[in-house]
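Structural description and commentary
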Amino acid sequence: MPEGVIELQNVSKRYGKGDRAVVALDGLNLSVPAGSLFGLLGPNGAGKTTSLRILATLLAPCSGSVRVAGVDALQDPRGVRERLGYVAQEVALDKILSGRELLQLQGDLYHLKRADRDQRIAELIELLGMGDWIDRRSGTYSGGMRRRLDLASGLLHRPQVLVLDEPTVGLDIESRAAIWQVLRQLRDQGTTVLLSSHYLEEVDALADQLAIIEGGRVIAAGQPSQLKAALGGDRVTLRVREFSDEPEALQVQELLQRCPGVRQVVVNRAQGYSLNLVVEHDGVVEQLRRQLAEAQLPVFALAQSRPSLDDVYLQATGRTLMDAELAVAGSRDPKAERKQSMR
Amino acid sequence: MTSAAPSLINAAAATPPQRSATSELVQETLALTRRLFLQLARRPSTLVAGVLQPLIWLVLFGALFANAPEGLLPDGMSYGRFLGAGVIVFTAFSAALNAGLPVMFDREFGFLNRLLVAPLRSRSSIVLASVLYITALSLVQSVAIMATAWALGYGWPGGAGLLLVLFTLLLLVFAVTGLSLGLAFALPGHIELIAVIFVANLPLLFASTALAPISFMPTWLGWLAALNPLTFAIEPIRAAYAGQFSLSAVVLVAPYGELSAAACLGVLAALALGLFLLIRPLLDRKLA
């Protein structure tokens with residue numbers, strides 16, 4: 001198997017020591033093929049940001065190996081920095097400088113020649129539509145403008161690999177579409193793009209490869225279509241009444257479980273005791289309707305869909321992405337996390 | 001957003017030809033220094049306050065002790081002339097002591113991370129830029145104070161004296177900037193850094209020979225003043241103001257002995273070197 005442009009092997013990372021240590025990465029393996037647009041999908045706290053910070057050489061892993069474009073990040077971090085563009089999640093700007101001055105600074109830190117630097121900045125201003133405001137102080141920028149500026153500074157030195165941490169979080173639709181377009185363009189021109197996201201739709205729409213990460217490990221990886229196809233069957237959501245109750249839902253569940261071609265019947269208490277199930281083919285649904293009619297049960301709603309990435313996630317983790325988000329929401333310590341990112 | 005020609009974001013572009021390490025180091029250091037000067041140009045309040053405050057010191061303290069008894073100061077020196085050297089040194093010292101603040105804010109806001117993901121030739125360029133900036137800033141401030149002191153009739157260190165003043169300030173600024181940058185990486189946040197600056201600033205002024213000679217102090221304070229780094233900078237400058245250019249002449253009569261200007265400069269140089277060696281492992285660790 002050919003080596004990917006990004007290779008993380010058995011990477012572990014703990015924050016803190018002793019009993020209070022938090023395991024962020026737990027033997028993570030990731031291989032990103034050259035020229036792909038790769039999505040790293042997972043709930044908050046899964047280890048996405050830690051992985052990307054390790055790639056950007058901001059963090060050293062506790063163990064494991066990290067290679068970017070054939071360069072060992074632990075042996076030659078400078079070599080990795082030259083080849084990799086990193087767009088962080090929290091955009092740190094010097095508010096009193098204009099966007100152009102920030103890009104000039106960045107260009108000098110990457111040792112571009114003056115003429116090349118200024119030409120490159122002009123190109124990126126054009127590409128990202130920043131001409132109207134690039135000479136204003138960056139403190140006045142909106143979230144979308146800041147993200148575009150950050151994308152520009154990640155691209156300034158023409159990196160082989162671009163790494164973006166949740167590039168569209170909190171953005172308006174227009175800015176999001178603009179960033180998506182640039183990322184696709186980059187991929188088409190041969191840049192390897194790795195982005196993290198906790199938006200299923202984003203990864204589904206953009207990525208041609210993805211890895212699902214949870215608890216600091218990769219739990220599923222491949223092309224979105226493959227992963228969805230591998231699940232097989234269609235997803236069906238059934239409601240016998242608009243507001244059903246538990247005994248009735250359990251009764252229907254039992255009935256459905258007896259039907260051939262039906263799998264994984266789950267009562268969804270959070271959604272008015274609706275039933276989620278997997279059917280092997282279309283014919284099964286007709287069969288279901290007949291069975292329900294015979295049992296004199298009404299059908300308020302019946303929705304059928306191909307498996308989505310959320311189903312892939314559900315299959316791999318036993319819970320939906322949204323549930324995973326909610327589960328970690330209370331257990332994170334933003335102050336401690338800010339300290340981790342401080343040098 | 002317009003669609004771009006393929007060449008615009010051509011990832012396959014060859015890595016640029018390698019340039020010499022020195023020219024890359026100069027480029028990154030100058031870029032980081034330029035940022036600090038752009039900040040100053042757009043937020044000149046630091047500079048304005050930094051010049052205004054010592055001038056107020058000079059005028060107010062000069063007036064406060066204008067009627068000091070004859071013989072308080074050696075050689076019948078006027079108090080204003082005595083004070084000038086103290087205010088110059090204290091101003092340079094304060095500016096250098098604050099050098100760590102912008103770096104601390106860069107740490108806290110994450111701007112430092114932006115610098116750390118770039119392939120800097122040496123991360124000491126981050127520290128070097130701060131040293132260059134603070135040195136230039138405190139030299140400007142010092143010259144402003146010296147000009148004012150001259151206008152108030154407190155004299156001007158001519159020729160070699162001026163060189164001695166600038167060289168002394170340079171040593172002091174290097175030492176204190178190093179200390180402040182070390183603190184900026186050692187302390188957890190700007191609150192702590194400001195607290196340290198606040199606690200260190202005025203006591204070091206009062207426990208030095210900036211405002212009064214050692215002969216005027218109680219013994220214990222005299223000892224403190226004679227060990228205070230500020231004193232080692234103040235006395236050579238004061239001697240230069242008195243028209244004394246000889247490096248071997250005694251400028252400081254301390255309880256433990258008499259020190260020449262050269263000895264004072266030697267202490268400052270040793271201090272700068274010592275602090276540099278002390279913070280280096282810390283910087284290496286934080287900027288590794």
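Just above sits the structure.
This section reports on the structure supplied with the text.

Comments concerning the overall build of chain B
Regarding its fold elements, chain B presents eleven helices and two strands. The principal-axis extents of the C-alpha atoms in chain B amount to approximately 80 × 35 × 35 Å. When burial is assessed residue by residue, chain B has 51% of its 288 residues classed as buried. Here chain B has roughly 12,900 Å² of accessible surface; of this, 72% comes from carbon and sulfur atoms. Distance between charge centres in chain B, computed from 14 positive and 10 negative side chains, equals 14 Å.

Some points on the interface of chain B and chain A
Chain B puts 47 residues into the contact, and the matching count from chain A is 52 residues. Counting every contact that joins chain B to chain A gives three salt bridges. Close ionic contact of D150 of chain A with R114 of chain B constitutes a salt bridge, the shortest N to O distance being 2.6 Å. Counting the contacts that link chain B with chain A gives 15 residue pairs in polar contact (both at pLDDT 80 or more). Listing elements by their share of the side of chain B that touches chain A, those giving two or more residues are α1 (21-42), α4 (100-109) and α5 (111-116) of chain B.

A look at the environment of S142 of chain B
Residues and elements named next belong to chain B. In this structure, S142 sits in helix α6 (residues 124-151). We classify S142 as buried; its relative accessible area is 0%. Separated by 55 residues in the primary sequence, S142 and V87 place their C-alpha atoms 8.8 Å from one another.

A few points about helix α2 (residues 45-64) of chain B
Residues and elements named next belong to chain B. With 20 residues, α2 should reach 28 Å at 1.5 Å per residue; the first-to-last C-alpha distance of 27 Å fits that figure. Taken together, the buried positions of α2 are G50, V51, P54, L55, W57, L58, F61 and G62. Down the axis of α2, the buried side of the element spans an arc of 150 degrees, and every buried residue falls inside it. Of the exposed residues in α2, those oriented more than 90 degrees away from the buried face are S45, L60, A63 and L64. Along its buried surface, α2 packs onto α3 (79-97), α6 and α8 (190-206).

Section: the sheet that holds strand β11 (residues 234-239) of chain A
All names here are of chain A. Read across the open sheet, the four strands follow the order β12-β13-β11-β14; overall the sheet is antiparallel. The strands lining the two open edges of the sheet, one partner per strand, are β12 (262-268) and β14 (301-305). Each strand axis lies, on average, 15 degrees off the axis of its neighbour in the sheet, ignoring direction. Relative to strand β13 (residues 274-279), β11 is paired through five bridges, and the arrangement is antiparallel. If you follow D234 over to β13, its bridge partner there is V279. In the packing of helix α9 (residues 246-258) onto the sheet, contacts are made with β11, β12 and β13, and the angle to β12 comes to roughly 175 degrees.

Remarks on the sheet that holds strand β10 (residues 217-222) of chain A
All names here are of chain A. Strands sit in the order β6-β7-β8-β3-β9-β10 across an open sheet of six strands; the sheet is mixed. The open sheet is flanked by β6 (84-87) and β10, the only strands paired with a single partner. On average, adjacent strands in this sheet sit at an angle of 15 degrees to one another, irrespective of strand direction. Where strand β3 (residues 37-41) and strand β9 (residues 209-214) come together, four bridges link them in parallel fashion.

Section: a nonpolar patch on the surface
On the surface, a cluster of nonpolar side chains totalling about 540 Å² of accessible area is made up of V48, L52, I56, V59, L60 and L152 of chain B. Along the polypeptide, L52 of chain B turns up in helix α2.

Regarding unusual backbone geometry
Residues and elements named next belong to chain A. Backbone geometry places H111, a non-glycine residue, at a positive phi of 60 degrees. Tracing the sequence through the fold places H111 in the loop between α3 (99-109) and α4 (114-127). According to the relative accessible area criterion, H111 is buried, its value standing at 7%. Its identity is not glycine, yet E166 carries a phi of approximately 45 degrees, on the positive side. Note on placement: E166 falls in the loop between β7 (161-165) and α6 (173-188). On the basis of relative accessible area, E166 is assigned to the buried category, the value being 2%.

Topic: the side chain of R123 of chain B
Residue and element names in this part refer to chain B. Relative to the elements of secondary structure, R123 occurs in the loop between α5 and α6. Within the buried set, R123 has no salt-bridge partner at all; the shortest N-O distance to an opposite charge, 8.4 Å, is to E28. A distance of 2.5 Å separates a polar side-chain atom of R123 from the backbone oxygen of L116.

Looking at the pairing of β12 of chain A
Residues and elements named next belong to chain A. Both β12 and β13 contribute to a ladder of five bridges, which runs antiparallel. Directly across from R263, in β13, lies its bridge partner V278. Linking β12 back to β13 in an antiparallel pair, the connection comprises five residues, with G272 at a positive phi of about 55 degrees.

A closer look at the pairing of β9 of chain A
Within a regular beta strand, the side chains point alternately toward one face of the sheet and then the other, so they alternate between its two faces. The element β9 of chain A is largely enclosed, with a buried count of six among its six residues. In sequence, β9 of chain A turns back onto β10 of chain A through a hairpin of two residues, with G215 of chain A there showing a positive phi of about 60 degrees.

Regarding the nonpolar core
Counting residues in each nonpolar core, the largest one holds 160 residues, and the members touching the most others are L55, L84, L151, V163, L183 and L194 of chain A. It is α3 of chain B that contributes the most residues to this core, twelve residues altogether. When near neighbours in sequence (up to four residues on either side) are disregarded, L183 of chain A contacts L37, L151, L162, L164, V193, L195 and L206 of chain A. Membership of the second largest hydrophobic core comes to 19 residues, among which are L238, L275, V285 and L297 of chain A.

Observations concerning the environment of I96 of chain A
With respect to the element layout, I96 of chain A can be found in the loop between β6 and α3. Other than its neighbours up to four places away in sequence, I96 of chain A contacts R137 of chain A together with Q39, R42 and R43 of chain B.

Here we look at the pattern of salt bridges
Pairs may arise between side chains of opposite charge once their charged atoms sit close together. Residues and elements named next belong to chain A. This model, assessed by the stated rule, comprises 21 salt bridges over all chains. One salt bridge in this structure joins R217 and D26, with 3.6 Å as the shortest N-O distance. Linking R217 in strand β10 with D26 in strand β2 (residues 22-32), this pair joins segments that are 191 residues apart in sequence. Linking R158 and D116 is a salt bridge whose minimum nitrogen-to-oxygen distance equals 3.4 Å. Here R158 is found in the loop between α5 (143-155) and β7, whereas its partner D116 is found in helix α4, with 42 residues between them in sequence. Owing to a relative accessible area of 23%, R158 belongs among the partly exposed residues under this scheme. Looking at D116, the relative accessible area reads 25%, which means it is partly exposed. Each of R78, E82 and R83 takes part in salt bridges that share partners, so that together they form one network.

Reading the values: rules and limits
- Residues numbered from 1 in each chain as written.
- Chains lettered and ligands numbered in written order.
- Predicted model: local features only at pLDDT ≥ 70, side-chain atom pairs only at ≥ 80, totals over all residues.
- Heavy atoms only, no water.
- Helix = DSSP H or I, 4+ residues; strand = E, 2+ residues; numbered from the N terminus.
- Buried < 20%, exposed > 50% of the residue type's maximum accessible area, 1.4 Å probe, protein only.
- Areas by Shrake-Rupley, 256 points an atom, 1.4 Å probe, with all protein chains shown as cover.
- Lys, Arg positive; Asp, Glu negative; His and termini not counted.
- Charge placed at Lys NZ, Arg CZ, Asp CG, Glu CD.
- Contact = heavy atoms within 4.5 Å.
- Salt bridge = Lys/Arg side-chain N within 4 Å of Asp/Glu carboxyl O.
- Polar contact = N/O pair within 3.5 Å; in protein donor to acceptor, adjacent residues only side chain to side chain.
- Expected span 1.5 Å × (residues − 1).
- Arc of directions from axis to C-beta.
- Pairing = 2+ DSSP bridges.
- Axes fitted to C-alpha atoms, helices over the stretch in contact; angles between N-to-C directions.
- Patch = residues over 30% accessible without salt bridge, like charges linked within 9 Å, V, L, I, M, F, W, Y side chains within 5 Å.
- Core = buried A, V, L, I, M, F, W, Y, C linked by side-chain atoms within 4.5 Å.

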